[in-house]
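Examining the three-dimensional arrangement
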Amino acid sequence: MFNDFGRDRQYIDVADYVILACYFTLAAILRNEMYEYKIERLRFNDGTEIVPGHLTVVVGPNNCGKSRILKDIKSLTSDQTSKSVVVTELDFNLPSSVTELVDSCEITTFTDENNNVFLRTLSSNLVSQHNVPVGLGWETSFQNLLNQNNSNTKRLFSHWFGSFFVSFFETEERLKLAKESESSEKGIMTNLLQAFYQEGAEVERKLRNIVKEAFSIDIKLDYSSLRKILFRIGENFDDCPEDPRKALSYFDDFERLDTQGDGLRSFVATLLAVLVGKRPVLLLDEPESFLHPPQAFRLGEVIADQAVGERQVVVSTHSSEFLRGILSKRQDITIIRVDRAENTNRIRSLDSAQVARIANDPLLSSTRIMEGLFYKGAIIVEADADAVFYQRIARQLERADSFHIAHAHNKQTVAKVLHPYRTLSIPFSAIVDFDVIRVRNEFKSLLEELDFPGESIGKALELQATIVGYIENVDQGQMLSAQLVELESEISRIRTNEHEVGAGTLLSELAGNLKRVRESGSPWKEYKKSGAAALNEETRPLFHRLSEICEENGLFIVPVGELEGWLVEHGLPHSSNKSKWIVRALETVPSLDPDKEKKPWLFMENVFAYLSS
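Residue numbers here run from 1 along each chain, matching the order of that chain's written sequence. Side-chain atom pairs in this predicted model are given and counted only at pLDDT of 80 or more, local residue features only at pLDDT of at least 70, and totals for whole chains, interfaces and linings cover all residues. Working from all heavy atoms in the structure, the side-chain values ignore hydrogens and water.

Let's talk about the packing of aromatic side chains
Here a Phe, Tyr or Trp ring, Trp counted by its six-membered ring, pairs with any other such ring whose centre lies within 6.5 Å, and the pair is stacked when the planes are under 30 degrees apart, edge-to-face when over 60, and tilted otherwise. Per the counting criterion, the structure on display carries 33 aromatic pairs. Centroid distance Phe110 to Phe118: 6.4 Å. Interplanar angle 35°. Geometry classified as tilted. To sort residues, take the accessible area from a 1.4 Å probe on protein chains only and compare it with the maximum for the residue type: under 20% means buried, over 50% means exposed, and anything in between is partly exposed. Under the relative-accessibility criterion, Phe110 is labelled partly exposed at 33%. Aromatic pair Phe434 and Trp524: ring centres 6.2 Å apart, planes at 55°, arrangement tilted. On the criterion of sequence distance, the pair formed by Phe434 in the loop between β19 (428-432) and α17 (440-449) and Trp524 in the loop between α20 (503-520) and α21 (525-530) is long-range, its members being 90 residues apart. Of the two residues examined, Phe434 and Trp524, each falls in the buried class. Members of the aromatic cluster, connected to one another through ring pairs, are Tyr35, Tyr37, Phe92, Trp138, Phe142, Phe157, Trp160, Phe161, Phe164 and Phe165. Between Arg120 and the ring centre of Phe110, over which it is positioned, the NZ or CZ distance is 3.9 Å. Cation placement over rings: the criterion is NZ of Lys or CZ of Arg within 6 Å of the ring centroid and within 35° of the ring normal. Lys154 extends its terminal NZ or CZ atom over the ring of Phe92, reaching a point 5.1 Å from the ring centre. In this description a helix means any DSSP run of H or I spanning at least four residues, a strand means any run of E spanning at least two, and both kinds are numbered starting from the N terminus.

If you want it as structure tokens, here you go:
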């Protein structure tokens, strides 16, 4: 019967609309359905498409398009006043009827003295009132448009109703959102603070608890003057009078939020955007701005907790601590990495399974590894001292700010930490000591993890076998005799000094010297100390060819053996004590004139060139 309804009529009158509304309402009740606005697909200018879930985190280097993605989403879902740049297409679901739409959120209209009808809500950027002229009988007009369900339907829906469903928290506006405001009549909101006041006591309780945890201070909304509303800051507001007349003098002793630092004001403004209204889609642009790492981490936790139910949160960030805060709470998120190649952005993503692998691994989820997501490229080294030294050398070169240097604890875990970079197509390289070639299977696994072509792996292993064969072709008996001589010398030294030097000192010295004696029994001792220079004239060219193959694929083998060999020609001798050496090295490097044609600067320039290619 319903299919025959109004078949021969071009327009639906008000009576018919009422019948339609009742039908759709009854049908929704019977199906236990309610309209829930949802972004179903995003398409980017490189052709990549993703289906956003509850929480999508956008990362990438500076000026790559992170904020632009949020602005494009806002434009395509609400005002459509600017041309989208990075996001070229966006799909969202439509309600089946006007009644379903009105029932899903508080759609309110306003009629002026000239009988002009407007839809009214807080603007999508949360800083002003949003009024859209729709005219009398807008329900009927829009129902007709819903029945057509074409591109014009979604365009008009975005223009009329987008601000009811989408909030955009912009960097430029955040410090204004929590500022003192005029009070407003019930149902009329011209800013976020007025909306917060009308939300009631429960939302204020949540805000106070979160601020206390993050900053160890209390915050309270002061509306005691009745004309103004503002936030106050103090140690505890549990004894605040409920009667505004008594609270008027009570608040005189407490500072206003408006006079506090940018960090606290930004944190509170972000919480307001997250807690107030709870529109289905929330876009947050670098909410961690102005915050110290602990507060950024806490804010990540809060936002992770709020992206629940049917809510979708898309957040851009440049903070590894903020991202770690999110991952500490949940792993069912999507991470988008955006980069720019001339006029086109490159989009890569990690799905929830890949994110969970990172979040549940202490090494991959560490700050130093996560920070690499925000640079143009990443360089992985073996140990902390290596990272510190190469960072100091890199600062003397031009492209240092584009690349992140992090350590993997040891060479065995270098390939492991490269996983998130490879998945997100972040350019990466690794720097390893000369003895990386010592164990064939470990070296082969590293080449495979770095995605070396099969032909390159075969050639590299052939060269490795020849070089290792030369190094380990030594007389074991002679090495044993040499070690026994060193051990006897050490025992004699201790017995000579045991009555003059404390036992603790001798034990400490013995531990270090035994390590030296043990290493002297290895044929690799001289090669760890001098690298390729210790090879003979026939074998050295083989190592140079092996290095070329490895560098073509992002693996850079230290030609001087290990870290402690880089500054020998600059007056700092090799040392078996890395802790003492790195201190002296960091003191020496600033006094050296960087020469891109000499090591170690030439070595780092080659790493940068690979990452930039």
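Moving on from the coordinates now.
Things to note about the sheet that holds strand β2 (residues 49-50)
Strand pairing is assigned whenever DSSP detects at least two bridges linking the two strands. Taken in spatial order, the three strands make up an open sheet running β2-β1-β4, and their pairing is antiparallel. Every interior strand has two partners, whereas the edge strands, β2 and β4 (87-92), have only one. Pairing analysis gives two bridges linking strand β1 (residues 39-44) to β2, with the strands arranged antiparallel. Within β2, the position partnered with Arg43 by the bridge is Glu49. Residue contacts follow a heavy-atom distance rule, with two residues in contact if any of their heavy atoms lie within 4.5 Å. Convention adopted: a line fitted to C-alpha atoms gives each axis, helices being fitted over their contacting stretch, and angles between N-to-C directions are expressed from 0 to 180 degrees. Contacting β1 and β4, helix α2 (residues 66-77) crosses the sheet at an angle of about 50° to β4.

Quick look at unusual backbone geometry
Pro600 follows Lys599 through a cis peptide bond whose omega is 5°. On the secondary structure map, Pro600 appears in the loop between α23 (578-588) and α24 (601-612). The phi dihedral of Leu126 is positive, around 70°, even though this residue is not glycine. Tracing the chain through its elements places Leu126 in the loop between β6 (117-122) and β7 (129-133). Leu126 gets classed as buried once you look at its relative accessible area, which sits at 4%. For Ser216, which is not a glycine, the phi torsion comes out positive at approximately 60°. Relative to the helices and strands, Ser216 resides in the loop between α7 (201-215) and β10 (218-222). Taking the relative accessible area as the measure of exposure, Ser216 reaches 66% and is therefore exposed.

Some remarks on the environment of Gly561
By the element assignment, Gly561 lies in the loop between β20 (555-557) and α23. Considering only alpha carbons, one finds Gly561 and Ser123, 438 residues apart in sequence, at a separation of 62 Å. Setting aside chain neighbours within four positions, we find Gly561 in contact with Asp433, Phe434, Tyr527, Lys528, Ser530 and Gly531.

Brief notes about the pairing of β6
Within β6, six of the six residues are buried, which leaves it mostly tucked inside the rest of the structure. Direction of pairing for strand β5 (residues 108-111) relative to β6: antiparallel, over a ladder of four bridges. Bridged to Thr108 within β6 is Arg120. The turn joining β5 and β6, which pair antiparallel and follow one another in sequence, is formed by five residues; a positive phi near 65° is taken by Asn115. Relative to β7, β6 is paired through five bridges, and the arrangement is antiparallel. Looking across to β7, one finds that Leu119 is bridged to Val132. Taking the residues that link successive antiparallel strands as the turn, the β6-β7 hairpin has six residues, and the phi of Leu126 there is positive, at about 70°.

A word on the environment of His419
Tracing the backbone shows His419 in helix α16 (residues 419-423). As a C-alpha pair, His419 and Gln354 span 65 residues in sequence and 9.6 Å in three-dimensional space.

Observations regarding the domain arrangement of the protein
In terms of domains, the protein is made up of domain 1 (39-94 + 149-165 + 279-360), domain 2 (366-473 + 529-611) and domain 3 (479-522). Delimitation of the domains relies on an automatic or database domain assignment. Measuring from the centre of the C-alpha atoms in domain 1 to the corresponding centre in domain 3 gives 61 Å.

Here's the deal with the sheet that holds strand β3 (residues 55-59)
The six strands are arranged β8-β13-β14-β3-β15-β16 in an open sheet whose pairing can be described as mixed. With one partner strand each, in any of the chains shown, β8 (166-169) and β16 (344-350) form the two edges of the open sheet. Direction aside, neighbouring strands of the sheet carry axes that sit 15° apart on average. Here seven bridges tie strand β15 (residues 334-341) to β16, and the two strands are oriented antiparallel to one another. Among the inter-strand pairings, Ala341 is bridged to a residue of β16, identified as Thr344.

Focus: a nonpolar patch on the surface
Nonpolar side chains (Val, Leu, Ile, Met, Phe, Trp, Tyr) are joined into patches within 5 Å and like charges within 9 Å, using only residues with over 30% relative accessible area and no salt bridge. Working definition of accessibility: Shrake-Rupley area with a 1.4 Å probe, residue cover restricted to the visible protein chains. A side-chain nitrogen of Lys or Arg and a carboxyl oxygen of Asp or Glu constitute a salt bridge if their distance falls within 4 Å. Residues Leu480, Leu484, Leu487 and Leu514 make up a contiguous nonpolar surface patch of roughly 330 Å² in combined accessible area. Given the relative accessible area of 33%, Leu487 is considered partly exposed.

Topic: the pairing of strand β17 (residues 377-381)
For a regular strand, the rule is simple: side chains alternate between the two faces of the sheet. For β17, the tally of buried residues reaches five of five residues, placing the bulk of the element in the interior. Every second residue of β17 is oriented toward a common face, with Gly377, Ile379 and Val381 on one face and Ala378 and Ile380 on the other, all of them buried. The sheet contact formed by β17 and strand β18 (residues 403-407) spans five bridges and is parallel. Within β18, the residue paired with Ile379 across the bridge is Ile405.

Some details on the packing of helix α9 (residues 262-275) against helix α10 (residues 293-306)
It is at 11 Å that the axes of α9 and α10 come closest, and there the two elements cross at 5°. As summarised for this structure, α9 and α10 are arranged roughly parallel, according to the angle between their axes. Contact residues: α9 offers Phe267, Thr270, Leu271, Val274 and Leu275, while α10 offers Gln295, Leu299, Val302, Ile303 and Gln306. Throughout, the ten residues Ala, Val, Leu, Ile, Met, Phe, Trp, Tyr, Cys and Pro are labelled nonpolar, Asp, Glu, Lys and Arg are labelled charged, and all others, Gly among them, are labelled polar. Looking at the contact of α9 with α10, its residues break down into seven nonpolar, three polar and no charged. Here the word oblique covers every angle except those under 35 degrees (roughly parallel), over 145 (roughly antiparallel) and from 65 to 115 (roughly perpendicular).

Describing α24
A helix is expected to span 1.5 Å for every residue after the first. The end-to-end C-alpha separation of α24 is 16 Å, in line with the 16 Å expected for twelve residues at 1.5 Å each. Those residues of α24 lying buried are Trp601, Phe603, Met604, Glu605, Val607, Phe608 and Leu611. If you follow the buried residues of α24, they end up packed against β17, α14 (384-394), β18, β19 and β20.

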